[in-house]
Amino acid sequence: VQDSSFTLLNPTDPDGKVCVLLDKLDLYLNQVPKQKCDHSEFLQSIEREILNKNLDRIEMIESISINSTFDDYCRLFGHQSVRQYITTLNASILDALNQENQTHLFFSHGDLCFSNMLLDNNHLYLIDPKGSLNPDHNFRPIHYELAKISQSLMGTYDLITHGLFTVSHNHTVILNKT
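In this report, the structure presented in the accompanying data block is examined.

Conventions used here
- Residues numbered from 1 in each chain as written.
- Predicted model: local features only at pLDDT ≥ 70, side-chain atom pairs only at ≥ 80, totals over all residues.
- Heavy atoms only, no water.
- Helix = DSSP H or I, 4+ residues; strand = E, 2+ residues; numbered from the N terminus.
- Buried < 20%, exposed > 50% of the residue type's maximum accessible area, 1.4 Å probe, protein only.
- Contact = heavy atoms within 4.5 Å.
- Areas by Shrake-Rupley, 256 points an atom, 1.4 Å probe, with all protein chains shown as cover.
- Lys, Arg positive; Asp, Glu negative; His and termini not counted.
- Charge placed at Lys NZ, Arg CZ, Asp CG, Glu CD.
- Pairing = 2+ DSSP bridges.

**Structural notes on the overall build of the protein chain**
From N to C terminus, the protein chain includes seven helices and seven strands. In sequence order, the secondary structure elements of the protein chain are arranged as α-α-β-α-α-α-β-β-β-β-α-α-β-β. Overall, the C-alpha framework of the protein chain stretches about 50 × 50 × 30 Å when taken along its three principal axes. Every one of the 178 residues in the protein chain was classed for burial, and the buried ones make up 32%. Relative to all contacts within the protein chain whose residues are 6 or more apart in sequence, the contacts with residues 24 or more apart total 70%. Just so you have it, the protein chain exposes about 11,100 Å², and 55% of that area is on carbon and sulfur atoms. Of note, the protein chain has its 13 positive side-chain charges centred 1 Å away from the centre of its 22 negative side-chain charges.

Here's what the structure looks like:
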């Protein structure tokens with residue numbers, strides 16, 4: 001069984017598999033166990049699972065030799081640097097989620113990208129979950145799962161993992177033909 005990213009990457013969908021996949025995914029997200037928490041616990045989870053990871057990525061980017069290329073790219077969109085962009089992004093995320101007054105965390109697959117979904121005979125199978133040594137950390141804001149799905153749909157993640165995406169030194173995106 002091919003992973004579901006191939007279903008999404010296929011320019012035609014004669015069997016309507018994309019709709020079936022998205023319907024099954026919606027069913028899963030609506031049935032996944034959740035646990036009640038207070039808003040401060042929710043915000044701590046946001047900090048641990050999203051904001052701190054964004055900051056860790058800045059550190060990784062700043063440690064590589066092509067860091068200035070990332071900064072140049074950010075300047076194309078009106079940001080001073082990757083660090084300034086991520087700092088602004090984190091503040092926006094925290095502000096938006098603080099206003100939601102969320103009081104639930106959801107059991108999380110942890111890596112819910114389409115490469116980790118198998119659709120076989122209209123059954124959705126989720127593979128390669130990201131667990132935690134601390135069982136409480138397996139419950140995350142639903143925003144985390146949605147961000148991982150968004151990464152697959154809009155962030156070219158599945159193109160990258162299948163070797164169908166490259167970026168040349170002049171910022172040109174090339175989609176390889178298969």
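**So, unusual backbone geometry**
The phi dihedral of N122 is positive, around 65°, even though this residue is not glycine. Looking at the element boundaries, N122 is found in the loop between strand 3 (117-120) and strand 4 (123-126). Residue class for N122 comes out partly exposed when judged on its relative accessible area of 45%. Phi is positive for D128, which is not a glycine, with a value near 55°. With respect to the secondary-structure elements, D128 resides in the loop between strand 4 and strand 5 (139-140). Taking the relative accessible area as the measure of exposure, D128 reaches 52% and is therefore exposed.

**Considerations on the pairing of strand 2 (residues 104-107)**
Looking along a regular strand, one sees side chains alternate from face to face of the sheet. Across three bridges, strand 1 (residues 34-36) lies against strand 2 in antiparallel orientation. If you follow K36 over to strand 2, its bridge partner there is H104. The pairing of strand 2 with strand 5 spans two bridges and is classified as antiparallel. Across the sheet, F106 pairs through a bridge with R140, a residue of strand 5.

**A closer look at the sheet that holds strand 1**
Read from one edge of the open sheet, three strands run 1-2-5, paired in antiparallel fashion. Single-partner strands in this sheet number two, and they are strand 1 and strand 5.

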